[in-house]
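The primary structure of each chain is shown beneath.
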Amino acid sequence: MEKRIEELRAAASRALDAASTLDDVENARVRYLGKNGEITQLMKGLKDLPAEEKPKAGQLFNRLKNEVDAAIKERKATLESSQLDSALAADAFDVTEPGVRVGFGSVHPIEQTRRRLEDIFTSMGFMVLDGPEIESDYYNFEALNIPAHHPARDMQDTFWLEDGDLLRTHTSPVQIRAMETYRPPIRAIAPGRVFRYEVTDASHENTFHQLEGLVIDRDISVANLIFAMKTLLREIFERDVEIRLRPGYFPFVEPGFELDLSCLICDGGGCKVCKQSGWVELLPCGMVHPNVLRSGKIDPEEYSGFAFGLGLTRLVMMRYGIDDIRQFLAGDLRFLRQFA
Ligand code: DAH
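Residues numbered from 1 in each chain as written. Predicted model: local features only at pLDDT ≥ 70, side-chain atom pairs only at ≥ 80, totals over all residues. Heavy atoms only, no water.

J.: How would you explain the pairing of strand 4 (residues 186–195) if you had to name every residue and give the values?
T.: With respect to burial, strand 4 is a largely interior element, eight of its ten residues being buried. With two bridges joining them, strand 1 (residues 127–128) and strand 4 adopt parallel strand pairing. Residue pairing in the sheet places Val128 in a bridge with Ile189 of strand 4. Relative to strand 5 (residues 207–217), strand 4 is paired through ten bridges, and the arrangement is antiparallel. (Buried < 20%, exposed > 50% of the residue type's maximum accessible area, 1.4 Å probe, protein only. Helix = DSSP H or I, 4+ residues; strand = E, 2+ residues; numbered from the N terminus. Pairing = 2+ DSSP bridges.)

Written out as C-alpha cells, the structure reads:
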C-alpha cells in the first residue's frame, strides 16, 4: 500500500510539473483526485484493509491527498499569473511612441466672413434672417417688381424646377418675407446661398453666396444708405477702402446703384478678377421701390427704405486675395487648410 502511495505521489507530481496550461492542471486533478480518480479509487480500498493497518494507511492517504491538492492549487496559481503576464505583455504599448495626429477641420472662409458680417450688422441693430433656397416665382421675381416677361429676368439665368419653382437667384426674396413677417422699422440682413445657370470661370460660379440687407423706416434716404455701406466696408476690411458709386438698374430699387470696390487683389492695376478694370462690383444697392414696399404690405407714402445685395463670395475673394471663385466649392483641403 505504501509503495502504491509513493508511486501515485510521484506520478501526480510529474503530471503537474508537465502541465503547461490550466486545462492540463484540471485534467491532472480529475485523474488523481476526481470522483473516479486514482487516489480516490485507492482510498476506497482502505475499508478492506486489516483493522490494525487502517490508521496508518488513513494517515498516509490524507497526507497524499493534501499534498496533491496543494500542488494542484500552486500549479494553477503559477499558470494563472504567467497567463496574466503574457496577456499584459501582448497588450503593452510604447508610451514614448509618437501618436497619430487627429486632423481638425476648419471653418470655411465664406462661413468665417459670414459670421464676421453678422457680428458687424447685429452690433448695428440688424436681425439676421433666413430664407428658403427653393423659391417660388412670386418671391424671387414677381413681388420684387419683376413681372413675367420683364426683360430684367434675363439678368439672372435661372435654374427652373419642373413644378414652376426655382433655385433662388438672389437673396432678395427674403426682403419680401421680412416685410410679411415684421412691421417697420425693419433692419435685417439675410445671408445665404444663391444659384445661377451659368458657365463657370474664374469669377463665375453656379452656386455662390450673397448677403441681402434691408432697412425700412420713416425718412430713410440715400444718405443713410451710403453711410451704412461705408461703415460696413470699413469694418470688414479693417481699413479705409476706395469705392465708387454708379447708377445701376435693378427693378426692385429706385434709384439703384452699383457700388464698386477698388480691386484689392491687384490694387486697382487690373487682373482677371476685376477683368482688368481695377474695380469689382461688390455692392448693388438702392432705395426700395414703392411696388416692392406694396408687395410687403407697407405704405410707400409713410415709409421708405434701402436695400443692398452684397456679393458675399466676392467679398471673401477680396478679403483673402483669392483669384478664382471655383476654389470655394472644389473641396481641395490644401486650399481650405489655409484658413484654419
Ligand atoms: N438681387 C440682386 C442680384 O442678385 C442684387 C441686389 C441689387 C440686391 C440691388 C439689392 C439691391 O437689394 O438693392 O443681382
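J.: Can you explain the nonpolar core? Please cite residues and give values.
T.: Counting residues in hydrophobic clusters, the biggest one holds 44 residues, and the most contacted among them are Leu117, Leu233, Phe237, Leu283, Phe306, Phe308 and Leu315. At the level of elements, helix 5 (109–123), strand 5, helix 8 (222–237), strand 7 (253–262), strand 8 (279–288), strand 9 (304–310), helix 10 (312–320) and helix 12 (333–336) are the ones that each hand at least two residues to this core. Broken down by element, the residue count for this core peaks at seven residues, all from helix 8. Excluding residues within four positions of it along the chain, Phe306 makes contact with Gly213, Leu214, Val215, Ile220, Ser221, Asn224, Leu225, Ala228, Met229, Gly286, Met287 and Val288. Among the nonpolar cores identified, the runner-up in size contains 26 residues, and Phe141, Leu166, Phe252 and Val292 belong to it. (Core = buried A, V, L, I, M, F, W, Y, C linked by side-chain atoms within 4.5 Å. Contact = heavy atoms within 4.5 Å.)

J.: Can you break down the pairing of strand 8 residue by residue, with the values?
T.: For strand 8, a buried count of seven out of ten residues is recorded, marking the element as mostly surrounded by other parts of the structure. As defined by bridge partners, strand 7 adjoins strand 8 across eight bridges and the pair is classed as antiparallel. Within the sheet, the bridge partner assigned to Val253 lies in strand 8 and is Val288. Where strand 8 meets strand 9, three bridges bridge the pair, whose relative direction is antiparallel. Across the sheet, Met287 pairs through a bridge with Phe306, a residue of strand 9.

J.: Which residues make up the packing of helix 5 against helix 8, and what values go with them?
T.: Angle between the axes and distance between the axes: these two values describe a pair of packed helices. In contact at an axis separation of 10 Å, helix 5 and helix 8 are set at 130 degrees when each is read in the N-to-C sense. Between helix 5 and helix 8, the crossing angle belongs to the class labelled oblique. The chirality of how helix 5 crosses helix 8 is right-handed. For the pair helix 5 and helix 8, the contacting residues are Thr113, Arg116, Leu117, Ile120 and Phe121 in the first and Leu232, Glu235 and Ile236 in the second. (Axes fitted to C-alpha atoms, helices over the stretch in contact; angles between N-to-C directions. Parallel < 35°, antiparallel > 145°, perpendicular 65-115°, else oblique. Left-handed = near helix turned anticlockwise from the far one by under 90°.)

J.: Explain unusual backbone geometry to me, using residue names and the numbers behind them.
T.: Here the amide bond leading from Pro184 into Pro185 is cis, since omega sits at 0 degrees, within 30 degrees of zero. If you trace the backbone, Pro185 turns up in the loop between helix 7 (173–181) and strand 4. Each neighbour pair has its own omega, and for Glu254 with Pro255 the value is -5 degrees, a cis peptide bond. Assignment of secondary structure puts Pro255 in strand 7. Positive phi, close to 70 degrees, is recorded for Asn145, a residue that is not glycine. Mapped onto the elements of the fold, Asn145 is located in the loop between helix 6 (137–140) and strand 3 (166–167). Positive phi values are uncommon outside glycine, yet Asp219 reaches one of about 60 degrees. By secondary structure assignment, the location of Asp219 is in the loop between strand 5 and helix 8.

J.: If you had to explain the domain arrangement of the protein chain to someone new, which residues and values would you point to?
T.: You'll often see interface size given as the accessible area lost when the parts meet. Each assigned domain of the protein chain is listed with its residue range as follows: domain 1 (2–90) and domain 2 (109–339). Taking the mean C-alpha position of each, domain 1 and domain 2 sit 91 Å from one another. (Domains from an automatic or database assignment.)

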